[in-house]
Amino acid sequence: MDINKLLAGRTKLMRASEIRELLKWVTEDVISFGGGMPDPSSFPINEIIEVTRDVLTTKGDKALQYGATGGVPELKEELMRFMNKGGIGTLGDHDVIITVGSQEALDLLGRVLIDPGDYIITESPTYLAAIQAFRIYEPRIVGVPMDGEGIIIEELERRIREIREGGGRIKFIYVIPTGQNPTGITMSMERRKALLEVASEYDLLVIEDDPYGYIYFGNDSQPSRLKAMDSEGRVIYMSTFSKIAAPGLRLGWVYATKEIIRWLELAKQSVDLHTSTLNQYIAAELLRRGVIERNIPRIKEIYRTKRDLMLQALSEYMQDGVTWTKPSAGMFIWLSLPDHADTSKLLEIAIKKYRVAYVPGRSFYPNGERGNDMRLNFTYPKPQEIFEGVRRLSLAISEYLREIKP
Ligand SMILES: Cc1ncc(COP(=O)(O)O)c(C=O)c1O
């Protein structure tokens with residue numbers, strides 16, 4: 001039977017993630033900078049065991065029951081307090097929805113906001129799985145280039161004007177202002193203010209995806225969240241427990257005006273009714289007991305140490321003509337080869353001959369416009385693997401650059 005004849009049009013828009021494809025190739029002897037996983041030693045396992053036992057003992061009847069689509073009220077309240085400490089004030093006309101990781105939030109936002117042919121704007125490059133989530137709803141995705149300070153505002157405005165002049169409808173601007181995935185860049189305060197001014201001037205929604213803001217490990221002070229500066233209710237803020245506790249909990253949340261949250265709840269109802277009640281009670285208790293707050297400095301220290309190791313290895317081993325970012329947040333370093341290089345082609349040499357893996361950069365560009373970058377994850381590999389992996393990567397790059405000499 002040919003299933004292809006029966007697939008919906010939108011199914012053909014789904015593409016296997018290059019990261020997942022890559023994982024198939026990676027055997028035990030390959031050092032992988034490819035995934036996007038936290039260091040498992042950062043998970044508060046003992047505390048989660050204790051909290052789970054307590055939750056099941058004291059409120060097992062509620063924790064194992066169906067729950068409201070928006071989420072468990074205790075968790076929503078704890079999150080309000082948590083965000084408050086992160087500078088986001090509690091606004092009367094705002095609400096929270098708890099999602100299955102922030103990945104579900106991306107899908108729900110696409111579902112609720114995007115009609116085929118609408119324009120959405122992202123940083124370029126941007127989070128690959130956001131592109132994939134949005135793409136199913138058939139928007140035209142316009143990527144705006146970044147520099148070391150984040151999205152370039154003049155380029156953003158130019159594109160907004162171009163789209164509007166062509167009669168296009170823009171639905172939102174999607175940004176990851178802190179420790180961006182994939183580049184590791186943190187948007188400067190000046191850019192954040194300018195971005196909000198542009199959004200206000202052109203009356204646009206902004207989606208602020210903030211998985212890494214609570215584990216900022218830079219030495220300078222962390223710029224304010226966009227949501228903390230949003231006086232017009234145009235920022236849809238989202239974050240996740242994946243980096244402050246553990247991704248296996250699959251818990252994320254969105255904080256936005258009640259009106260937006262209500263639409264997201266309606267959309268979520270038909271997807272999965274609600275997020276795991278048990279996990280929500282566990283997370284509420286982790287927050288209430290201060291487990292998450294106490295764990296955050298430990299996570300920051302692990303990330304900072306590993307980032308420093310990778311930066312040190314890069315400056316020791318990398319050849320001239322190769323550049324990379326120096327992140328203050330997030331889990332990734334973005335490495336760029338000379339313009340004529342193609343990191344998808346290099347990957348084969350890297351994995352098969354040098355036993356080291358990474359994610360080629362092209363798929364992070366909404367329109368695939370650049371192919372000479374790669375994303376390196378520094379949080380999952382062990383310290384000795386970081387050094388050895390960078391050494392191997394540099395050998396692979398040398399061999400490849402010799403092969404393609406212009
Ligand atoms: C920018 C960004 N958004 C969303 C996610 C999704 O995370 P989760 O679904 O685990 O919350 C990630 C995961 O790495 C990410 O980097």
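Scroll up to find the structure this text is about.
Figured I'd write up the structure that's included with this text. Every chain's residues receive numbers from 1 upward, in the order its sequence appears when written. Confidence filtering applies because this is a predicted model: local features only for residues at pLDDT of at least 70, side-chain atom pairs given and counted only at 80 or more, and all residues used for totals across whole chains, interfaces and linings. Only hydrogens and water are removed before side-chain values are computed, so all heavy atoms of the structure are retained for them.

## Some remarks on the overall build of the protein chain
We apply this condition: Numbering goes from the N terminus for both helices and strands, where a helix is a DSSP run of H or I of at least four residues and a strand is a run of E of at least two. As a reference, a globule follows 2.2 Å times the number of residues to the power 0.38, and the radius of gyration itself is taken over C-alpha atoms. Relative accessibility under 20% of the residue-type maximum defines a buried residue, over 50% an exposed one, and the middle range a partly exposed one, all with a 1.4 Å probe and only protein chains included.
Assigned secondary structure in the protein chain consists of 12 helices and 14 strands. Relative to the compact-globule value of 22 Å for 406 residues, the protein chain shows a C-alpha radius of gyration of 21 Å, a close match. Along the first, second and third principal axes, the C-alpha set of the protein chain runs to 65 × 60 × 55 Å. Buried positions account for 58% of the 406 residues belonging to the protein chain.

## A look at the sheet that holds strand 4 (residues 140-147)
Our working definition: At least two DSSP bridges between two strands are needed for those strands to be called paired.
Strand order in this open sheet of eight strands is 2-9-8-7-6-3-4-5, and the pairing throughout is mixed. In this open sheet, the two edge strands, each paired with only one partner strand, are strand 2 (94-99) and strand 5 (150-151). Strand direction decides the pairing type here: strand 2 and strand 9 (residues 252-257), joined by six bridges, are antiparallel. Looking across to strand 9, one finds that I98 is bridged to W253.

## Section: the sheet that holds strand 10 (residues 323-324)
Here is the rule: Residues are treated as being in contact if the distance between any of their heavy atoms lies within 4.5 Å. Each axis is a line fitted through C-alpha atoms, taken for helices only over the stretch in contact, and angles between the N-to-C directions span 0 to 180 degrees.
An order of 10-11-14-13 is seen for the four strands of this open sheet, with the pairing classed as antiparallel. Of all strands in the sheet, those bounded by a partner on one side alone are strand 10 and strand 13 (359-360). Most of the contacts of helix 10 (residues 291-317) go to strand 11 (residues 332-336), to which it runs at about 15°, and overall it touches strand 10, strand 11 and strand 14 (373-377).

## Overview of unusual backbone geometry
Only a minority of non-glycine residues have a phi that is not negative, and only a minority of peptide bonds are not trans. P125 follows S124 through a cis peptide bond whose omega is 5°. Considering the arrangement of structural elements, one finds P125 in the loop between strand 3 (119-124) and helix 5 (128-135). In the segment running from N181 into P182, the intervening peptide bond is cis, with an omega of 20°. For P182, the position within the fold is in the loop between strand 6 (170-175) and helix 7 (189-201). Of note in this structure, R250 is not a glycine but carries a positive phi near 50°.

## Focus on the site of the ligand
The criterion, for reference: By convention in this text, a residue qualifies as near a molecule or strand provided that one of its non-hydrogen atoms is within 4 Å of it. Here a polar contact means two N or O atoms within 3.5 Å. Within protein one must be a hydrogen donor candidate and the other an acceptor candidate, and residues neighboring in sequence count only if both atoms are side-chain atoms. What sets the accessible areas is the Shrake-Rupley method with a 1.4 Å probe; for residues, cover comes only from the shown protein chains. In this classification, the charged set is Asp, Glu, Lys and Arg, the nonpolar set is Ala, Val, Leu, Ile, Met, Phe, Trp, Tyr, Cys and Pro, and all remaining amino acids, among them Gly, are polar.
In the vicinity of the ligand, 13 residues are found, and the nearest of them are S102, D209, Y212, T240 and S242. At 2.6 Å from an oxygen atom of the ligand is found a side-chain nitrogen or oxygen belonging to S242. Within the complex, the protein chains bury 92% of what would otherwise be the 400 Å² of accessible surface of the ligand. With three residues, helix 4 (residues 101-113) is the largest single contributor of residues to the shell around the ligand. Here the residues of the shell around the ligand are counted per class, giving four nonpolar, six polar and three charged.

## Looking at the nonpolar core
In summary, soluble globular proteins display a tendency toward joint burial of nonpolar side chains. Here is the rule: As used here, the term nonpolar core means buried Ala, Val, Leu, Ile, Met, Phe, Trp, Tyr and Cys residues forming a set that is joined through side-chain atoms within 4.5 Å. Residue ranges labeled as domains rest on an automatic or database domain assignment.
One finds F241, W253, L335 and I397 to be the most contacted residues of the largest nonpolar core, which totals 72 residues. Among the elements that take part in this core, helix 10 stands out by supplying 10 residues, more than any other. Residue-level mapping places this core at the junction of two domains, with at least three residues from each of domain 1 (3-43 + 296-403) and domain 2 (45-292). In this view, L335 contacts L314, M318, V322, T323, W324, N372, D373, M374, L376 and I397; residues no more than four positions away in its chain are not counted. Judged by nonpolar contacts, the second largest core, of 27 residues, contains L108, A133, Y137 and M238.

## Some words on the side chain of T343
Examined against the element boundaries, T343 turns out to sit in helix 11 (residues 343-352). Here the side chain of T343 touches D373 through a polar contact of 2.7 Å, landing on its backbone oxygen.

## Quick look at a nonpolar patch on the surface
Quick reminder of the rule: Each patch is assembled from residues with relative accessible area greater than 30% and no salt bridge, linking like charges that lie within 9 Å and nonpolar side chains (Val, Leu, Ile, Met, Phe, Trp, Tyr) that lie within 5 Å. When a carboxyl oxygen of Asp or Glu lies within 4 Å of a side-chain nitrogen of Lys or Arg, that pair is called a salt bridge.
The grouping of M1, I3, L6 and L7 at the surface amounts to a nonpolar patch, some 480 Å² of accessible area in total. Examined against the element boundaries, L6 turns out to sit in the segment before helix 1 (18-25). Looking at L6, the relative accessible area reads 57%, which means it is exposed.

## Some details on the environment of R10
Residue position: R10 is located in the segment before helix 1. A residue is classified by how much of its surface remains accessible, and R10, at 47% relative accessible area, is partly exposed. Measuring from C-alpha to C-alpha, the distance between R10 and I136 comes to 5.8 Å, with 126 residues separating the pair along the chain.

## A few points about the pattern of salt bridges
Under the definition given, this model contains 33 salt bridges. With a shortest N-O distance of 2.9 Å, E293 and K85 are connected by a salt bridge. Separated by 208 residues along the polypeptide, E293 in helix 10 and K85 in helix 3 (residues 73-85) bring together distant segments of the chain. A salt bridge links E155 to R158; its shortest N-O distance comes to 3.0 Å. Of this pair, E155 and R158 both sit in helix 6 (residues 153-165), three residues apart, which is roughly one turn of that helix. A residue is classified by how much of its surface remains accessible, and E155, at 22% relative accessible area, is partly exposed.

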